[in-house]
Amino acid sequence: MDCAALEGTLPPMFFHDVWSPWMLDMVDPALVAAVQNGTARALRDLLTTISVDTRIYSLQVLRGSICRQLVEEIDHAQRAGLPLTRPNSMNNYGLILHEIGLAEPIERLMRDYVAPLARVFYPEWGGGALDDLHAFTIQYSLGEDRELSEHMDESEVTLNLCLGTNFTGAELFFRGIRDHPSSMKPHPENITVTHAPGVAVLHLGQHFHGAYPILGGSRYNLIAWCKSSGFRSSATEMFLKHCSDDQFPHGGTAATHGLNDKFTTELR
């Protein structure tokens with residue numbers, strides 16, 4: 001989709017002036033300080049560890065006011081009735097952020113704040129060489145998508161940022177990493193994470209996960225699939241692409257695990 005043409009058809013969006021140029025006061029001050037410090041210790045101190053063994057973390061990323069403005073911007077774009085692309089092969093509701101003119105700020109958020117974390121916490125999974133991004137939003141409510149079955153992401157590192165609004169249920173669950181003891185039957189990992197607006201969950205893309213049914217309200221999340229072309233071209237990963245669907249120990253297919261999603265933008 002031609003983003004310039006798309007923007008020309010929309011009423012003026014307040015968010016463009018806010019995001020460009022990039023303003024540090026939109027990002028949580030603790031995250032800004034940790035990245036500016038630049039040490040592994042500062043970055044570690046920033047995160048709340050959900051799982052040491054499988055390296056699931058949470059952190060405050062954006063201020064609450066910015067999350068609310070993002071939700072308003074998403075609703076604004078959807079009310080315009082434009083032919084927005086479905087965010088991925090599993091979610092029916094949401095949008096791809098570059099299609100509403102938010103590619104630059106999201107790329108900067110990933111490059112300046114998420115990539116430093118990935119270098120420290122996921123080096124052997126391409127975290128030090130992220131160069132590609134697919135960023136989108138998803139929505140859950142009783143009248144839309146209600147839950148998400150277990151899957152892996154088409155990414156090396158995923159940032160799952162809750163934007164709000166008011167909801168019950170729809171917790172995130174984890175069932176172990178691909179080719180790791182944590183995903184092996186009969187006792188795979190069983191971790192549940194409750195979302196909070198402004199707080200992101202950081203995890204490996206090849207970590208089996210899903211969302212429990214929403215019980216009320218609406219949940220909006222910003223998802224960033226951060227990828228490494230160098231990691232994907234390694235011998236191990238190239239072999240995986242040719243493996244049959246039995247690579248997924250908990251069922252499903254390559255399509256349901258997101259391996260057919262091609263909407264990406266280069267992290268410059």
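Analysis parameters
Residues numbered from 1 in each chain as written. Predicted model: local features only at pLDDT ≥ 70, side-chain atom pairs only at ≥ 80, totals over all residues. Heavy atoms only, no water. Core = buried A, V, L, I, M, F, W, Y, C linked by side-chain atoms within 4.5 Å. Buried < 20%, exposed > 50% of the residue type's maximum accessible area, 1.4 Å probe, protein only. Helix = DSSP H or I, 4+ residues; strand = E, 2+ residues; numbered from the N terminus. Contact = heavy atoms within 4.5 Å. Pairing = 2+ DSSP bridges. Phe/Tyr/Trp six-rings, centres within 6.5 Å; stacked < 30°, edge-to-face > 60°. Salt bridge = Lys/Arg side-chain N within 4 Å of Asp/Glu carboxyl O. pLDDT = per-residue confidence, 0-100. Axes fitted to C-alpha atoms, helices over the stretch in contact; angles between N-to-C directions. Parallel < 35°, antiparallel > 145°, perpendicular 65-115°, else oblique. Left-handed = near helix turned anticlockwise from the far one by under 90°. Nonpolar A, V, L, I, M, F, W, Y, C, P; charged D, E, K, R; others polar.

### Side note on the nonpolar core
Link 1 in the chain: Leu-59, Leu-163 and Leu-202 are the most contacted members of the largest nonpolar core, which totals 49 residues.
Link 2 in the chain: The biggest single contributor to this core is helix α6 (residues 103-121), with 8 residues.
Link 3 in the chain: Those residues within four positions of Leu-59 in sequence are excluded, and the remaining contacts are Leu-31, Leu-46, Leu-47, Leu-117, Gly-198, Val-199, Ala-200 and Leu-202.
Link 4 in the chain: Core analysis: the second largest hydrophobic core is formed by 13 residues, Ile-96, Cys-162, Ile-223 and Trp-225 among them.

### Regarding the pairing of strand β1 (residues 48-51)
Link 1 in the chain: Pairing of β1 with strand β2 (residues 56-60), which is carried by 3 bridges, proceeds in the antiparallel orientation. Across the sheet, Thr-49 pairs through a bridge with Tyr-57, a residue of β2.
Link 2 in the chain: Counting the residues between successive antiparallel strands, the hairpin from β1 to β2 contains 4 residues, one of them, Arg-55, with a positive phi of roughly 55°.

### A look at the packing of aromatic side chains
Link 1 in the chain: What the rule picks out here adds up to 5 aromatic pairs.
Link 2 in the chain: The interplanar angle of 85° and the centroid separation of 5.0 Å between the aromatic rings of Phe-136 and Trp-225 together place this pair among those described as edge-to-face. Of this pair, Phe-136 sits in strand β3 (residues 132-141) while Trp-225 sits in strand β11 (residues 214-227), and the two are 89 residues apart along the sequence.
Link 3 in the chain: Using a relative accessible area of 2% as the deciding quantity, one classes Phe-136 as buried.

### Considerations on the pattern of salt bridges
Link 1 in the chain: Going through the model one piece at a time under the given rule, you end up with 7 salt bridges.
Link 2 in the chain: Asp-45 is the salt-bridge partner of Arg-41, the closest N and O atoms lying 3.9 Å from each other. Highlighted residues: Arg-41 and Asp-45, both in helix α4 (residues 40-46), separated by 4 residues, approximately one helical turn. There is no split in this pair, since Arg-41 and Asp-45 are both exposed.
Link 3 in the chain: A salt bridge links Arg-55 to Glu-124, with the shortest nitrogen-to-oxygen separation between them at 2.4 Å. A residue pair is termed long-range when its members are at least 10 positions apart, and Arg-55 in the loop between β1 and β2 and Glu-124 in the loop between α6 and β3 qualify at 69 residues.
Link 4 in the chain: Taken together, the shared-partner salt bridges in this structure form one network comprising Arg-108, Arg-111 and Asp-112.

### Thoughts on the confidence of the model for the chain
Link 1 in the chain: Per-residue confidence for the chain gives a mean pLDDT of 81; residues scoring 70 or more make up 78%.
Link 2 in the chain: Here residues 19-23 is a poorly scored stretch, pLDDT under 50, and it has 11 contacts once near neighbours within four places are set aside; other chains count.

### A closer look at the packing of helix α3 (residues 29-37) against α6
Link 1 in the chain: Direction vectors running N to C along α3 and α6 enclose 65°, while the axes themselves pass 10 Å from each other. With respect to their mutual orientation, α3 and α6 come out roughly perpendicular. As for how α3 packs across α6, the hand of that crossing is left-handed. Contacts between α3 and α6 involve Leu-31, Val-32 and Val-35 on the former and, on the latter, Asp-112, Tyr-113 and Pro-116.
Link 2 in the chain: Across the contact of α3 with α6, the residue classes break down as 5 nonpolar, no polar and 1 charged.

### Here's the deal with the environment of Arg-232
Link 1 in the chain: Position of Arg-232 among the secondary structure elements: in helix α7 (residues 229-232).
Link 2 in the chain: Along the chain, Arg-232 and Gly-126 lie 106 residues apart, while their C-alpha atoms are 8.3 Å from each other.

### Description of the side chain of Ser-141
Link 1 in the chain: Of note, Ser-141 is situated in strand β3.
Link 2 in the chain: Beyond its immediate sequence surroundings of up to four residues, Ser-141 is in contact with Arg-146, Ile-214, Gly-217 and Ser-218.

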